[in-house]
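# Architecture at a glance
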Amino acid sequence: MVDVARPGERIPIASDHAGFELKERLRVVLGELGYEVEDIGTHSTASTDYPDYAHPLSQQVSDGAVDRGILLCGTGLGMSYVANRYPGVRAAVVWNPEIASLARKHNDANVLVLPARFVSDEDAVAILKTWLETPFEGGRHGTRVTKIEHTNEQNGAEALGSGA
């Protein structure tokens, strides 16, 4: 659980072509705030497939190699679909600082997903800073987060990818 901003923390960031320019801006901001930024890609505005970038970032969060990460695509939806398939990943599509705050406080969101075509650079920076600085409240929200983490087997369904 990440409760406060931690300069020096390694944070991976990734985008598809639609999120590339905003990713570049946020990489700079993260660096200025003292974070170690791992740029997973993409590295241009050439058309690319968002899963190619969401999978490696989400795997790092799921494995515990990093505490949190940042994904960007046009709407944020594609990246969030991929990220939320990974155990322990709670990816939130965020479009304003209030949602960023609630995603952290109530859901312990550990992957910030930005809809690059729908937020300005200024708003994205405010969202990022809010998400980095807002602690998880725990309590009744902790119980809910625990319920999110129940596997399909615990719910009587087959696991993802079991070939059923």
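The coordinates are above.
Calculation rules
Residues numbered from 1 in each chain as written. Predicted model: local features only at pLDDT ≥ 70, side-chain atom pairs only at ≥ 80, totals over all residues. Heavy atoms only, no water. Helix = DSSP H or I, 4+ residues; strand = E, 2+ residues; numbered from the N terminus. Buried < 20%, exposed > 50% of the residue type's maximum accessible area, 1.4 Å probe, protein only. Contact = heavy atoms within 4.5 Å. Areas by Shrake-Rupley, 256 points an atom, 1.4 Å probe, with all protein chains shown as cover. Pairing = 2+ DSSP bridges. Axes fitted to C-alpha atoms, helices over the stretch in contact; angles between N-to-C directions. Lys, Arg positive; Asp, Glu negative; His and termini not counted. Salt bridge = Lys/Arg side-chain N within 4 Å of Asp/Glu carboxyl O. Phe/Tyr/Trp six-rings, centres within 6.5 Å; stacked < 30°, edge-to-face > 60°. Lys NZ or Arg CZ within 6 Å of the ring centre and 35° of its normal. Right-handed = clockwise from strand over helix to strand, strands pointing away. Patch = residues over 30% accessible without salt bridge, like charges linked within 9 Å, V, L, I, M, F, W, Y side chains within 5 Å. Core = buried A, V, L, I, M, F, W, Y, C linked by side-chain atoms within 4.5 Å.

Right, let's get into the overall build of the chain. Per the secondary structure count, the chain includes 6 helices and 5 strands. Listed by position from the N terminus, the elements making up the chain come as β-α-β-α-β-α-β-α-β-α-α. Expressed as a percentage of the 164 residues in the chain, the buried residues total 45%. Look at the contacts in the chain between residues 6 or more apart in sequence, and 70% of them connect residues 24 or more apart. Of the accessible surface of the chain, which amounts to about 8100 Å², a share of 49% is contributed by carbon and sulfur atoms.

What follows concerns the sheet that holds strand S3 (residues 69-73). Taken in spatial order, the 5 strands make up an open sheet running S2-S1-S3-S5-S4, and their pairing is parallel. Every interior strand has two partners, whereas the edge strands, strand S2 (36-41) and strand S4 (91-93), have only one. Across the sheet, the axes of successive neighbouring strands diverge by a mean angle of 20 degrees, strand direction being ignored. The pairing of strand S1 (residues 10-15) with S3 spans 3 bridges and is parallel. Counterpart to Ala-14 in the pairing with S3 is Leu-71. In the packing of helix H1 (residues 20-32) onto the sheet, contacts are made with S1, S2, S3 and strand S5 (111-115), and the angle to S1 comes to roughly 165 degrees.

Here we come to the side chain of Asp-16. On the secondary structure map, Asp-16 appears in the loop between S1 and H1. Buried and unpaired, Asp-16 has no salt bridge, with Arg-117 as the nearest side chain of opposite charge at 6.5 Å. Setting aside residues up to four positions removed in sequence, Asp-16 forms contacts with Thr-42, Thr-48, Tyr-50, Leu-72, Cys-73, Gly-74 and Met-79.

Further remarks concern the packing of aromatic side chains. Under the definition given, this model contains 0 aromatic pairs. Residue placement shows Arg-68 over the ring face of Trp-131; its charged tip is 5.4 Å from the ring centre.

Counting buried positions along S5 yields 5 of 5 residues, so the element is predominantly enclosed. Of the two faces of S5, the one carrying Val-111, Val-113 and Pro-115 and the one carrying Leu-112 and Leu-114 are both buried. Direction of pairing for S3 relative to S5: parallel, over a ladder of 5 bridges. Bridging across to S5, Ile-70 finds its partner in Leu-112. Bridge count for S4 against S5 is 3 bridges, and the pairing is parallel. Bridged to Ala-91 within S5 is Val-111. In this view, the connection linking S4 to its parallel neighbour S5 by way of helix H4 (residues 97-107) has right-handed handedness.

Quick look at a nonpolar patch on the surface now. Taken together, Tyr-50, Leu-77 and Tyr-81 make up a surface patch of nonpolar side chains, about 300 Å² in accessible area. Examined against the element boundaries, Tyr-50 turns out to sit in the loop between S2 and helix H2 (51-63).

Per the counting criterion, the structure on display carries 8 salt bridges. With its nearest N and O atoms 2.9 Å apart, the salt bridge here joins Glu-24 to Arg-27. With Glu-24 and Arg-27 both in helix H1 and 3 residues apart, this pair spans about one turn of that helix. The residue Arg-27 makes a salt bridge to Asp-39 at a minimum N-O spacing of 3.3 Å. One end of the pair, Arg-27, is in helix H1; the other, Asp-39, is in strand S2, with 12 residues separating them in the sequence.

This part takes up the nonpolar core. Looking at soluble globular proteins, one finds that nonpolar side chains tend to be buried together. Counting 24 residues, the largest nonpolar core has Leu-26, Leu-30, Ile-70, Leu-112, Leu-128 and Trp-131 as the members making the most contacts within it. Top element by residues in this core is helix H5 (residues 121-133). It accounts for 6 residues. Contact partners of Leu-26, with chain neighbours within four places excluded, come to Ile-13, Leu-72, Leu-114, Ala-124, Val-125 and Leu-128. In terms of nonpolar packing, the next biggest core, distinct from the first, is built from 18 residues, Leu-57, Val-61, Val-66 and Ala-83 among them.

Taken by themselves, the reported measurements are silent on function.
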